[in-house]
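# Structure assessment
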Amino acid sequence: MASSRSRVGLFVTCLADMFRPEVAFASVKLLEMAGFDVEVPERQTCCGQPAFNSGDRHDSAAIARQTIEAFDGFEYVVGPSGSCIGMLHHYPELFAEGDPWHQRALDLKSRAFEITSFLAQHLDTDKLSSSFSGKVTYHDSCSGLRELGIKRQPRELLSKIPGVQICEMEESETCCGFGGTFCVKYPDISNRMVGNKSENIRATGADTLLAGDLGCLLNMAGKLKREGVNVQARHVVEILADMANTPAIGEAAIGEAEKRS
Amino acid sequence: MQIKSPEFKQNARIALEDVNLQRALGNLKAGFPQKRAAAVARLPEFDQLRDEARDLKNHILEHLDLYLEEFEKNVVANGGTVHWCRTAEDARKTILEICQDQDAKTVTKGKSMVTEEIDLNDYLEKNGVTPVETDLGEYILQLREDHPSHIIAPAIHLNIEDVADAFHEHHKRPKSNDPAHLMREAREMLRKHFVAADVGITGANFLVAETGSTIICTNEGNGDLTQTLPKTHIVVSSIEKVVPTLEDMTLFLRLLARSATGQEFTVYNTLSSGPRRPGDQDGPENFHVVLVDNGRSDMVGSEFQEMLRCIRCSACMNHCPVYGAVGGHSYGWVYPGPMGSVLTPQMVGIENAGLLPNASTFCGKCEEVCPVRIPLPKLMRHWRDKEYEKHLSPTSVRSGLSVWSFFATRPKLYRLFASVGNRFLRLKAGKKGRTSKLPLASAWTDHRDMPAPSGKTFMQQWKEQNR
Amino acid sequence: MSKADIFNRIRGGLHVPSDDSARRAAVQARLDARKRNLIPQRAQLPADELLRLFIDMADEAAAELIELHSAAELAGAIENWAQENGIAHLVTASDEQINNLEWSGNGTLVREERVAQVGDEASLTSAFCGIAETGTLMLYSGEESPTTLNFLPDTHLVVLRASTIVGPYEDAWQMLRQATGGSMPRTVNLITGPSRSADIEQKLQMGAHGPRRLVIFLLHGE
Ligand code: SF4
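An unreviewed UniProt entry lists chain C under the name L-lactate dehydrogenase complex protein LldG, from Marinobacterium mangrovicola.

Chain A carries the name L-lactate dehydrogenase complex protein LldE in an unreviewed UniProt entry, which gives Marinobacterium mangrovicola as its organism.

Structure, rendered in structure tokens:
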């Protein structure tokens, strides 16, 4: 619990910014609930992962420097993505030891947290209240799971919401096939992976799919919709912040569903 | 072996549509991962052993020359000979010379990926020496003129009908689809080869410097018959397999079987130290160790040094969702899966194998299970760095990236760009909330819908709310 | 020359200083110390529990186990076993333990001391020791114990004295060094259950190229 209100810089992530602003708003709401002052630094863009994973270290380093500067002075940097926060944790690898940026990157790393792990530590979970009710299944996104050790935190938080019933899927820890540029560089393989995932999701009988990373969610939701599977995909913070009253990812606006054939 | 790694994408597409292959790959997914998990759960010290194994391998690699020297000294003291081979060609020639010295007509072979790497079989055959694979999986592949698709389960890509057909054709016996029957048939057929062979070739899982011993770990016992019955035993091993002492070898043995098949221990772990001793009634009269470098010494001290810790357990490919989808042959060379995606560019050149280190989502499962904690995703990324530096990555990727980076490093422009994109996607989707076709994004929309943004960008809305 | 070339590359990669005495000392120290790495708790139990563990693990590895109270029962037990299993011919090692067996000669079992040949039904050898950790037998080659006996016959019978069962592999290495004066025999076999393969559709089949059955005669007492 934050005693004197400390400042958190929200790392919005480019996908939340572009596709799902509610995820960022939900994050703000939850962080404020945990007693933090939340600010959104203007100079942030993307974490740089597309460049980093394509071997473009020069541009990755440029973006890293920009992000480091944007979040200077915040006690914490929190983002709704294990993958993007994981990328922030890679920044020190981009600079030689002895380069002042290396030290600054290490410093950012020590302050950067994925949202559910951060809330699990800082939020008085009795404050959580959500009108959401339904059977949900949870996909463990790879970077969050393996780089940041996020597995029990979102489940612990969800367990505080009376209406939530978690039905675990088979292979919840297996990659959904998104992988950033992977899904467009190797579309056939990616399709097989997300197809397997969709089967496992369907088999649970859950009506809602939750995860902590929008990349994976867009991929899985896109597949579920294409296959005509009636499962709603949402970022976990939407449930935690009681903001699940908007259409789920890739769903028609409320009231529009009947109109399409 | 012909390098088909440049065709990885086509190979993968064909593999994904190959119903029989997909059925066979199902056996892998259902087997190894669960068995490994059960074995690991029974040994509480497993993760600590992994740490020790990583550290020990690092120590060995820092002193690789000296341990190899000690190993050679002790092989010679045991009455054996060590041959040093820089390249695959050196190794092929050396092995052929030993065979020719013995006037060898046939050689039996235990399972060895290094001999696949140096393409030994073809070479021996062209030079009048007939190699006979004796590992059941390798034997099946040899009959089918096929190659391993997995480093410990070489015939994992085949179904029983394929085996039955191959046996029927070559053994001229009535066809059977019963695995027990097929194995009995192979056992019977191979007996005569074991006895008739002039030379037996095996690989090595480890080389023990202290004693000058080589060790093989097998479940079938074929490696033992291969090395005990012929007059000459040749061990073909790569240089990074050396370990200091029997105690150090033991550390790796505790990890190997559990990581590989999920067994507590491999059935036969056999140490060979030189030729038969005076008074021995059986065993080979000549003992040769062929040490193969083939690019490994260049990895020492490089960003890829950690790959030399690999003990060839196959856990990384057994758990890899990409390997599980496309199988080993798609990778187009000897070593498949995550370990292959790091090793292959080293051995055949990044210009030929660039698609392999890119064919990963970096999900990290391989690193999670690797017994010697090789950071496989990091090493694959290093190859992507090299590829990018050498301007080998496709132009579409490079130009796409530079446009994107241009915006990503200019926050104001980026905001503008994001809001235009956001608007476009929303318009395109109309009221459906998603779109099933997008210009320039068919790789995505061929297989899945593209969810539309749910409103203006967060940054726009945040600003509008004046916060 | 290849060796020099390989070494130059390794040393170049490692940036080895021209005076590498420190590295040599580190290597020599490791070789001399024969330091044990982490040994699992499982292998460090009291003797009676190790015995139990050996039996359980050998059983799990699909070895068959026949327990005997003393060496005096051994020959008879083997003869009985052979009769029950329809085995008429046994090739044996010629070590002291096997030479001292007092065969009744009642049944029809024919015995021969020699190396194994294709077609042999069964062999009899002595284990040097047992390793409880995984139910493993250690055997090694010598004038009196040809290696082919461990691999060619369809069934492999092994005599193991319970008193030689150790916990971890490390204890077995130490015993081996003591027994052989530090020089390695040509072949050391660690055997855990009978031969098998899962190369066809990952379905486990017993009896690939080595023995289909491994029968351990476990001798309690002295
Ligand atoms: S890289 Fe690791 S997991 Fe893969 S084969 Fe080598 S040791 Fe096993």
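Anyway, onward from the coordinates.
Per the secondary structure count, chain C includes 6 helices and 12 strands. Computed over its C-alpha atoms, the radius of gyration of chain C comes to 21 Å, more than 25% above the 17 Å expected for a compact globule of 222 residues. In terms of its C-alpha atoms, chain C occupies a principal-axis envelope of roughly 75 × 40 × 40 Å. In chain C, which comprises 222 residues, the proportion classed as buried is 58%. Considering only contacts in chain C between residues 6 or more positions apart, those separated by 24 or more positions represent 73%. Within chain C, the 30 negative side-chain charges are centred at a point lying 12 Å from the centre of the 20 positive side-chain charges.

What follows deals with the interface of chain A and chain B. Interfaces are often described in size by the accessible area the parts lose on coming together. The interface is formed by 72 residues belonging to chain A together with 64 residues belonging to chain B. A combined buried area of about 5,900 Å² lies between chain A and chain B, and 59% of that area is made up of carbon and sulfur atoms. On the surface where chain A and chain B come into contact, there are 4 salt bridges. For the salt bridge of R226 of chain A with D449 of chain B, the shortest nitrogen-to-oxygen distance reads 2.7 Å. Broken down by element, the side of chain A that touches chain B gets its largest block of residues, 9 residues, from helix α11 (residues 187-204) of chain A.

A separate point is the arrangement of the chains. In this assembly, 2 pairs of chains are in contact, and the pair with the greatest number of contacts comprises chains B and C. The smallest C-alpha distance separating chain A from chain C is 20 Å, and no contact links them.

Scored by pLDDT, chain A comes out at a mean of 94, with 95% of its residues at no less than 70. In this model residues 256-261 of chain A is a low-confidence stretch, pLDDT under 50, and it forms 5 contacts with partners more than four residues away in sequence or in other chains.

This part covers the UniProt feature "domain: LUD" (unreviewed entry) in chain C. In the numbering used here, UniProt assigns the "domain: LUD" (unreviewed entry) feature to residues 122-219 of chain C. A distance of 20 Å separates the end C-alpha atoms of residues 122-219 of chain C, which is 12% helix and 39% strand.

For the structure shown, the criterion picks out 26 aromatic pairs over all chains. Judged by centre distance (5.6 Å) and plane angle (20 degrees), the rings of F206 of chain B and F252 of chain B are stacked. Note that F206 of chain B is positioned in strand β5 (residues 206-208) and F252 of chain B in helix α12 (residues 246-260), a separation of 46 residues in sequence. Every member of this aromatic cluster is reached through a ring pair, and the members are F182 and Y186 of chain A together with F8, Y323 and Y331 of chain B.

Residues and elements named next belong to chain A. The UniProt record marks residues 8-88 and 136-220 with the feature "domain: Cysteine-rich" (unreviewed entry), using the residue numbering of this structure. For residues 8-88, the end-to-end C-alpha separation is 15 Å, with 56% helix and 12% strand making up the annotated structure. For residues 136-220, the end-to-end C-alpha separation is 14 Å, with 51% helix and 12% strand making up the annotated structure.

Let us look at the nonpolar core. Core analysis: the largest hydrophobic core is formed by 137 residues, its most contacted members being I189 of chain A, M249, M307, V326 and Y335 of chain B together with W173 of chain C. Looking at which element gives the most residues to this core, the answer is α12 of chain B, with 8 residues. In contact with V326 of chain B, other than residues within four places in its own chain, are I189 of chain A together with F8, A12, A15, L16, L21, L25 and Y331 of chain B. The next biggest cluster of nonpolar side chains, apart from the first, holds 97 residues, and it includes F19, F118, L128 and V136 of chain A.

The assigned domain composition of chain C is domain 1 (1-35) and domain 2 (41-219). Placing the centre of domain 1 of chain C and that of domain 2 of chain C at their C-alpha centroids yields a distance of 41 Å.

In this section: the domain arrangement of chain A. All names here are of chain A. If you check the domain split of chain A, you get domain 1 (2-119) and domain 2 (127-260). Using C-alpha coordinates to define each centre, domain 1 is positioned 23 Å away from domain 2. In this complex, domain 1 contributes 26 residues to the contact, which on the side of domain 2 involves 30 residues. Roughly 2,200 Å² of surface becomes buried between domain 1 and domain 2 when both sides are summed, with 69% attributable to carbon and sulfur atoms. Of all residues in domain 1, R20, M33 and T116 bury the most surface against domain 2, accounting for 27% of the area lost on that side. Along the contact surface separating domain 1 from domain 2 lie 1 salt bridge. Salt-bridge contacts for E238 lead to R20; the nearest nitrogen and oxygen are separated by 2.8 Å. Joining domain 1 to domain 2, the criterion identifies 9 residue pairs in polar contact (both at pLDDT 80 or more).

All names here are of chain A. The buried fraction of helix α5 (residues 82-90) amounts to 8 of the 9 residues, a majority that puts the element mostly inside the structure. If you check which residues of α5 are buried, you get G82, S83, C84, I85, G86, M87, L88 and H90. The residue sitting at the N-terminus of α5 and contributing the capping side-chain oxygen is S81; that oxygen lies 3.2 Å from the backbone nitrogen of S83.

To continue, consider the pattern of salt bridges. For the structure shown, the criterion picks out 70 salt bridges over all chains. Among the ionic pairs, R43 of chain A bridges to E69 of chain A, the shortest N-O distance being 3.4 Å. Taken together, the residues span a long stretch of sequence, with R43 of chain A in the loop between β2 (37-39) and α3 (49-53) and E69 of chain A in helix α4 (residues 57-70) at a distance of 26 residues. Between R23 of chain C and D20 of chain C there is a salt bridge whose closest N-O contact spans 3.6 Å. This pair shows no difference in class: R23 of chain C is buried, exactly as D20 of chain C is. Residues participating in the shared-partner salt-bridge network are D47, R50, D51, R54, D55 and R373 of chain B.

Here the focus is unusual backbone geometry. Residue and element names in this part refer to chain B. In this structure, D103 is a non-glycine residue whose phi angle is positive, near 55 degrees. For D103, the location among the structural elements is in the loop between α5 (88-101) and β2 (106-109). Phi is positive for N294, which is not a glycine, with a value near 50 degrees. Among the secondary structure elements, N294 is positioned in the loop between β10 (286-292) and α13 (296-299).

About the thresholds
- Counting restarts for each chain, with residues numbered from 1 along the sequence as it is written.
- Both sets of labels track the order of writing: A upward for chains, 1 upward for ligands.
- In keeping with the predicted nature of the model, local features appear solely for residues at pLDDT of at least 70, side-chain atom pairs appear and are counted solely at 80 or more, and the whole-chain, interface and lining totals rest on all residues.
- Excluding hydrogens and water, the side-chain figures rest on all heavy atoms present in the structure.
- Secondary structure counts use DSSP, requiring at least four H or I residues in a row for a helix and at least two E residues in a row for a strand, with both numbered from the N terminus.
- Only the C-alpha atoms count toward the radius of gyration. The rule for a globule is 2.2 Å times the residue count to the power 0.38.
- When accessible area is computed with a 1.4 Å probe and restricted to protein chains, residues below 20% of their type maximum are described as buried, those above 50% as exposed, and intermediate ones as partly exposed.
- Throughout, a contact is declared for two residues whenever any of their heavy atoms are within 4.5 Å.
- Only four residue types enter the charge count, namely Lys and Arg as positive and Asp and Glu as negative; His and the chain termini do not.
- Think of each charge as sitting on NZ of Lys, CZ of Arg, CG of Asp or CD of Glu.
- In this description, buried area is defined as the sum, over both parts, of the accessible area (probe of 1.4 Å) that is lost when the two are combined.
- Whenever Lys or Arg places a side-chain nitrogen within 4 Å of a carboxyl oxygen from Asp or Glu, that contact is recorded as a salt bridge.
- Note on scores: pLDDT gives the predictor's confidence for each residue, bounded by 0 and 100.
- UniProt positions are given in the numbering used here, feature names are shortened, and annotations may be inferred rather than shown by experiment.
- Pairing of aromatic rings covers Phe, Tyr and Trp, the last counted by its six-membered ring, and requires centre-to-centre distances within 6.5 Å; plane angles under 30 degrees mean stacked, over 60 mean edge-to-face, and any other angle means tilted.
- Grouping buried Ala, Val, Leu, Ile, Met, Phe, Trp, Tyr and Cys residues that are joined through side-chain atoms within 4.5 Å yields what is termed a nonpolar core.
- For the purposes of this description, domain bounds are those given by an automatic or database domain assignment.
- Any pair of N or O atoms that falls within 3.5 Å is considered a polar contact. Within protein, one atom must be able to donate a hydrogen and the other to accept it, and sequence-neighbouring residues count only if both atoms are side-chain atoms.

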